[in-house]
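# A closer look at the structure
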Amino acid sequence: MNLQTRIEALEAEVGAATAGNADEVERFRVATLGRNGSITALFEDFKQVPPDEKRAFGQRMNRLKELAQNRWKDLLAAVEKNTSTQEPTTADPTRPALAEPVGSLHPITLVRQRITDVFARMGYTVSQGPEVEDDHHNFSALNFPPDHPARDMQDTFFVESSEGSALRTHTSSVQVRVMESSTPPIRTISPGRVYRNEAISARAHCMFHQVEGLYVDKGVSFAELKGTLAHFVKSLFGPEVTIRMRPSYFPFTEPSAEVDMSCTVCGGKGCNLCKHSGWVEIMGCGMVDPAVLTNCGIDPGEYSGFAFGMGVERIAQLIYRVPDLRLYWENDVRFLEQFSDGAFRA
Ligand code: PHE
């Protein structure tokens, strides 16, 4: 092949060269401009060109070399642009959009909602009250004697505020407010944050959440209380779960009871969670003391009622078994993200 034809072939080749990545660009450079490349070889053969043609051939070969160098630079720039943006060379408008990260509800919120839903289906309303309470709503109206240990500095956070004298230690205070401001029938639950002066550890905190409930009407019986709580527990944990009641004491209920449910881990056979008893304690309850009804302006001769109260963290622990209660308060997103589908895996 004479020089003329080789130059023409190379011009066409360089003009049509493509490269999809940096390796291919480099291969193009080596094959044309490299030490053993086709254009370099042309310059070797230039020596044989007769003197009168040297000028014309020289100019043409220099142009070819320049063409190859420019082509190489263009290919390199194109490849670099693609790899830096990671964009496909052609946009695809049918591609699905990238998913936006969405937040999730706090596990305590999820459990509180589940508890509230069960009682809402039984006709209970939801009532709320202030977290800074006065002595009357948190203690006196609820029949706490003036020297009751629950009023002690060790249990209660006292505050100096125009709104009240203490952070509420339970949401029974809300029930007092409801009884004072409405007439039976009353069927309400009061979810909310409560405070007790306790050392913070993996198993206890100085603030936690409660859902307390109150039902006042003519002829409300203890049997209804038991039926309501059994239904609640089965709705939340499954139809096979049963409850038992143990006599207890609260100043505002008479009689009073602690409620245990059959252990959801071992089904009652005995395991670490239930400390080998087959039962786990979940709440306190009882018939509203007639003196409390009187304190709140309701005639105990006409009406009776029951009340119950549970800790939301305690119920959450039975569902999620988080190893350390403090995690509920630290709000580390890596912890919180695990509850987005309502299921936490320890
Ligand atoms: N108020 C009680 C507590 O905080 C719970 C309770 C509510 C018990 C209603 C009986 C009746 O521990």
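Figured I'd write up the structure that's included with this text.

Scoring rules and cut-offs
Each residue is numbered by its place in its chain's sequence as written, counting from 1. For this predicted model, a pLDDT threshold of at least 70 governs which residues receive local features, and a threshold of 80 or more governs which side-chain atom pairs are given and counted, while totals over whole chains, interfaces and linings are taken from all residues. Side-chain figures throughout are based on the complete set of non-hydrogen atoms in the structure, without hydrogens or water. Note on pairing: two strands pair once DSSP finds at least 2 bridges between them. Every helix listed is a DSSP run of H or I at least four residues long, and every strand listed is a run of E at least two residues long, numbered separately from the N terminus. By definition in these notes, contact holds between two residues if any of their heavy atoms fall within 4.5 Å. The axes are straight lines fitted to the C-alpha atoms, using for helices just the contacting stretch, and the angles between their N-to-C directions are given from 0 to 180°. The nearness test applies per residue and asks whether one of its heavy atoms lies within 4 Å of the molecule or strand. Polar contacts, as used here, are pairs of N or O atoms within 3.5 Å; protein pairs need one atom able to donate a hydrogen and one able to accept it. Residues neighboring in sequence count only if both atoms are side-chain atoms. Accessibility throughout is a Shrake-Rupley quantity obtained with a 1.4 Å probe, and a residue counts as covered only by protein chains that appear here. Ten residues, namely Ala, Val, Leu, Ile, Met, Phe, Trp, Tyr, Cys and Pro, are considered nonpolar, four, namely Asp, Glu, Lys and Arg, are considered charged, and the remaining ones, Gly among them, are considered polar.

### Quick look at the sheet that holds strand β4 (residues 164-167)
Overall, antiparallel pairing links the three strands, which are arranged β2-β4-β3 in an open sheet. Each of the sheet's edge strands pairs with one partner strand only, and the pair in question is β2 (132-133) and β3 (158-161). Two elements, β3 and β4, share two bridges in a ladder whose sense is antiparallel. Each bridged residue has a counterpart across the sheet, and for Phe-158 the counterpart in β4 is Ala-166.

### Considerations on the sheet that holds strand β6 (residues 207-217)
Taken together, the seven strands give an open sheet; going across it, the order is β1-β5-β6-β10-β9-β8-β7, and neighbouring strands pair in mixed fashion. The open sheet is flanked by β1 (125-126) and β7 (243-250), the only strands paired with a single partner. Alignment of β7 against strand β8 (residues 253-262), held across seven bridges, turns out to be antiparallel. Opposite Arg-244, over in β8, you have Asp-260 as the bridge partner. On top of the sheet, helix α7 (residues 172-181) reaches β5 (186-195), β6 and β10 (304-311); it is set at about 30° to β6, its chief contact. Of the strands in this sheet, β6, β7, β8, β9 (279-288) and β10 are in contact with helix α8 (residues 222-237), which crosses β7 at around 125°.

### So, the site of the ligand
Close to the ligand lie 13 residues; His-170, Ser-172, Arg-196, Gln-210 and Glu-212 are nearest. A distance of 3.1 Å separates a nitrogen atom of the ligand from a polar atom in the side chain of His-170. Taking Ser-172, its side chain carries an N or O atom lying 3.1 Å from a nitrogen atom of the ligand. Starting from 330 Å² of accessible surface for the ligand in isolation, the protein chains cover 89%. Residue assignment for the shell around the ligand shows that the elements contributing at least two residues are β6, β9 and β10. Within the shell around the ligand, the residues separate by chemical class into five nonpolar, six polar and two charged.

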